[in-house]
Amino acid sequence: MAGKEELSYSEAIAAAGDAFHRFPLIKIQGVPLMCPIVHNWDSIWAFRPDPSDLLIATYPKAGLSLLKKMDPPRVIKTHLPFKLVPEGFWKNKCKAIYVARNAKDNLVSYYHFDRMNLTQPEPGPWDGYIHKFMNGELAWGSWYDHVKGYWEEREKRNILYIFYEDMKENPQREVERIMRYLDLSLADDVISRIVELTSFKTMKENPMANYSFILKPVFDQSISPFMRKGVVGDWTNHFSPAQTQLFDEDYKRKMKDADIPFRTDI
Ligand code: A3P
């Protein structure tokens, strides 16, 4: 385990200043993570959530910084795979929502994100990137292990497992599903407002959601915008027929033990 530097991911970016560069990956329990996260691993692993905290997990992105300074109930977002989530979340029976997206669109989105996020390792050429994804070499590790890890634990841990494609297809239905899970009862106009505010179009124009406040040496949105396309099926614009065949065959092998109903179009 790396030293005990109390440097969060965002603090590490700020500290890097002009000498800013893409962070190398270091493995924890076989999962490649960016080095500022690994440097803080002891405090992340020791994090004690409150039972009122809500965990939101997805493949992939940011960390758990600043949490110790915040009062519960908190919404805590993580990209850690299930096996690296601090145990306190499950001991305290915290609610958790996992958002999963089909592998090929997830891969395309991650590729463009790695091009513009200059803290992530260099993505390299597209064809090689597909192999890195299939081999679980990207930051936050294997997509296959990630989606399966939460899927297998969803009943035992009372995790609400939702799909990006379902949210795109019928956002109101999915918002209502989340409300039921959280034991919330909201008026119809409040639900409509949530649907409106969380639409791709609204979020793309919202500076807090489009990350335009993050400086260009960190997120270079001239390469690719953070809120890029927000659609299901963009993979068809990236994968060649040969790449699709190779990917699909490998996918069948890796996912044969999990019957997760992913959809690559809607
Ligand atoms: P694309 O690159 O396919 O556009 P994350 O927030 O985990 O980094 O995920 C980013 C991906 O989710 C991007 O996908 C982004 O456009 C999409 N996304 C974010 N908010 C969205 C929304 N409200 N509706 C649809 N897609 C959204």
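Scroll up for the structure.
Because the structure is a prediction, the values reported are computed rather than measured.

A. Spatial organisation of helix 5 (residues 103-116). With 14 residues, helix 5 should cover 20 Å at 1.5 Å per step; its first-to-last C-alpha distance of 20 Å lies within 8% of that length. Burial runs high along helix 5: 12 of the 14 residues are buried. Of all the positions in helix 5, only A103, K104, D105, N106, L107, V108, Y110, Y111, H112, F113, D114 and M116 are classed as buried. Looking at the buried positions of helix 5, the neighbouring elements they touch are helix 6 (126-134), helix 7 (143-153) and helix 13 (241-255). For helix 5, the side-chain oxygen to backbone nitrogen distance between the N-cap and K104 is 3.2 Å, and the N-cap itself is N102.

B. The arrangement of helix 7 in detail. Counting buried residues in helix 7 gives nine out of 11 residues, a clear majority hidden from the surface. Taken residue by residue, helix 7 has W143, Y144, H146, V147, K148, G149, Y150, W151 and E153 as its buried positions. Where helix 7 begins, the side chain of S142 points an oxygen toward the backbone nitrogen of Y144, at a separation of 3.1 Å.

C. Structural view of the pairing of strand 3 (residues 54-58). In terms of residue burial, strand 3 counts as a mostly covered element, since four of its five residues are buried. Examined bridge by bridge, strand 3 and strand 4 (residues 75-78) share four bridges and lie parallel to one another. Within strand 4, the position partnered with L54 by the bridge is V75. Sheet topology note: the strand 3/strand 5 (residues 95-100) ladder contains five bridges and is parallel. Bridging from a neighbouring strand, I56 pairs with I97 of strand 5.

D. Representation of the layout of surface pockets in the model. A volume near 190 Å³ is recorded for the second largest pocket. Along its surface, the second largest pocket is lined by 15 residues, and V31, P81, K83, D145 and H146 are the ones closest to its centre. At the level of secondary structure, the elements contributing two or more residues to the lining of the second largest pocket comprise strand 2 (31-34) and helix 7. Of the residues forming the lining of the second largest pocket, the biggest block, three residues, is contributed by helix 7.

E. Fine view of unusual backbone geometry. Phi is positive for Q29, close to 45°, though the residue is something other than glycine. On the secondary structure map, Q29 appears in the loop between strand 1 (25-28) and strand 2. Within the chain, Y211 stands out as a residue other than glycine whose phi angle is a positive 60°. With respect to the helices and strands, the residue Y211 is situated in the loop between helix 12 (207-210) and helix 13.

F. Region of interest: the side chain of H112. Position of H112 relative to the elements: it lies in helix 5. If sequence neighbours within four positions are ignored, H112 has contacts with S224, R228 and H238.

Conventions used here
- Residues numbered from 1 in each chain as written.
- Predicted model: local features only at pLDDT ≥ 70, side-chain atom pairs only at ≥ 80, totals over all residues.
- Heavy atoms only, no water.
- Helix = DSSP H or I, 4+ residues; strand = E, 2+ residues; numbered from the N terminus.
- Expected span 1.5 Å × (residues − 1).
- Buried < 20%, exposed > 50% of the residue type's maximum accessible area, 1.4 Å probe, protein only.
- Contact = heavy atoms within 4.5 Å.
- Polar contact = N/O pair within 3.5 Å; in protein donor to acceptor, adjacent residues only side chain to side chain.
- Pairing = 2+ DSSP bridges.
- 1 Å grid on protein atoms, 1.4 Å probe; cavity = no way out; pocket = protein on both sides within 12 Å on 5 of 7 lines; lining within 4 Å.
- Points joined across faces, edges and corners; volume = space filled by probe spheres on them.

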